[in-house]
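What the coordinates show
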Amino acid sequence: MLTELLTKDTIQLANFVNTWQEAIHLAASPLLKNNKIEERYIEAMIHSIEKHGPYVVITPKVAIPHARHTEGVNELSMSLLSLQKPVLFGPEKPVFLIIVLAATDNVSHLQALVNLTKILQEPNQIDSIIACQHKDDIIKEIQQIVAKEQS
């Protein structure tokens, strides 16, 4: 499931961004471009973090911004932005990987989230994804980790 959602079309690499809001806009842009989400979904993600704080930073170096499926999700989708220099989501919350999750309901995204959790529970796996310089390398890294977890 995860490798079906994270593809060359939904993965981006950038050197840096100035703000976490800019990071969310950039990370979500492939989903917006392909009509998987609406602009209001991006605004809902940003508003939620402004209201509740950087709760989307789920492990060091990684944020998974999301909002309710009723706030502009057209299709189950996920995108990933990898930064060379971290963006701060809050004090002591530097983030290199921003993974936008857009779910159409409360269930359909769970398998992708399980796979993602397996990747993110190992700091060295996170670092190996951050170290990738090309989309193909990120895809290969994710495929290898998922395959290793399934064996």
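Further up the page is the structure itself.
Residues numbered from 1 in each chain as written. Predicted model: local features only at pLDDT ≥ 70, side-chain atom pairs only at ≥ 80, totals over all residues. Heavy atoms only, no water.

Taking 1.5 Å of rise per residue, the 14 residues of helix H2 (residues 20-33) would be expected to cover 20 Å, and the 20 Å separating its terminal C-alpha atoms lies within 8% of that figure. At Ala27, H2 shows its maximal bend, which comes to roughly 35°, and the proline Pro30 appears one to four places after that position. Within the span of H2, buried status applies to Trp20, Ala23, Ile24, Ala27, Ala28, Pro30 and Leu31. Of the surrounding secondary structure, the elements contacted by the buried residues of H2 are strand E1 (11-14), helix H3 (39-52), strand E4 (77-88) and strand E5 (94-102). (Helix = DSSP H or I, 4+ residues; strand = E, 2+ residues; numbered from the N terminus. Expected span 1.5 Å × (residues − 1). Bend = angle between axes of the 7 residues up to and from the residue. Buried < 20%, exposed > 50% of the residue type's maximum accessible area, 1.4 Å probe, protein only. Contact = heavy atoms within 4.5 Å.)

Here Asp105 shows up in the loop between E5 and helix H4 (110-120). It is 8.4 Å that separates the C-alpha atoms of Asp105 and Leu76, two residues lying 29 residues apart in sequence.

The first and last C-alpha atoms of H3 sit 20 Å apart over 14 residues, in line with the 20 Å expected at 1.5 Å per residue. Regarding H3, the residues found buried are Tyr41, Ile42, Ala44, Met45, Ile46, Ser48 and Ile49. Each element contacted by the buried residues of H3 is listed here: H2 and E5. Of the residues one or two after H3, Gly53 is the one with positive phi, at around 90°.

Let us now look at the pairing of E4. As defined by bridge partners, E1 adjoins E4 across four bridges and the pair is classed as parallel. Directly across from Ile11, in E4, lies its bridge partner Leu80. Summarising the sheet, E4 and E5 pair through eight bridges and their orientation is antiparallel. Note on E5: the bridge partner recorded for Leu88 is Pro94. (Pairing = 2+ DSSP bridges.)

Ile24, Tyr41, Met45, Val87, Phe89, Ile98 and Val100 are the most contacted members of the largest nonpolar core, which has 28 residues in total. Elements with a contribution of two residues or more to this core: H2, H3, E4 and E5. Dropping the residues within four chain positions of it, Ile24 is found in contact with Ile42, Met45, Ile46, Ile49, Pro65 and Phe89. (Core = buried A, V, L, I, M, F, W, Y, C linked by side-chain atoms within 4.5 Å.)

Right, let's talk about the sheet that holds E4 for a bit. Overall, mixed pairing links the five strands, which are arranged E1-E4-E5-E3-E2 in an open sheet. Edge positions in the open sheet fall to E1 and strand E2 (57-59), since each of these has one partner strand only. The sheet shows a mean angle of 25° between the axes of neighbouring strands, direction not considered. Bridge count between strand E3 (residues 61-63) and E5: three bridges; the pairing is parallel. Counterpart to Val62 in the pairing with E5 is Leu97. Running at roughly 150° to E4, H2 makes contact with E1, E4 and E5 of the sheet. (Axes fitted to C-alpha atoms, helices over the stretch in contact; angles between N-to-C directions.)

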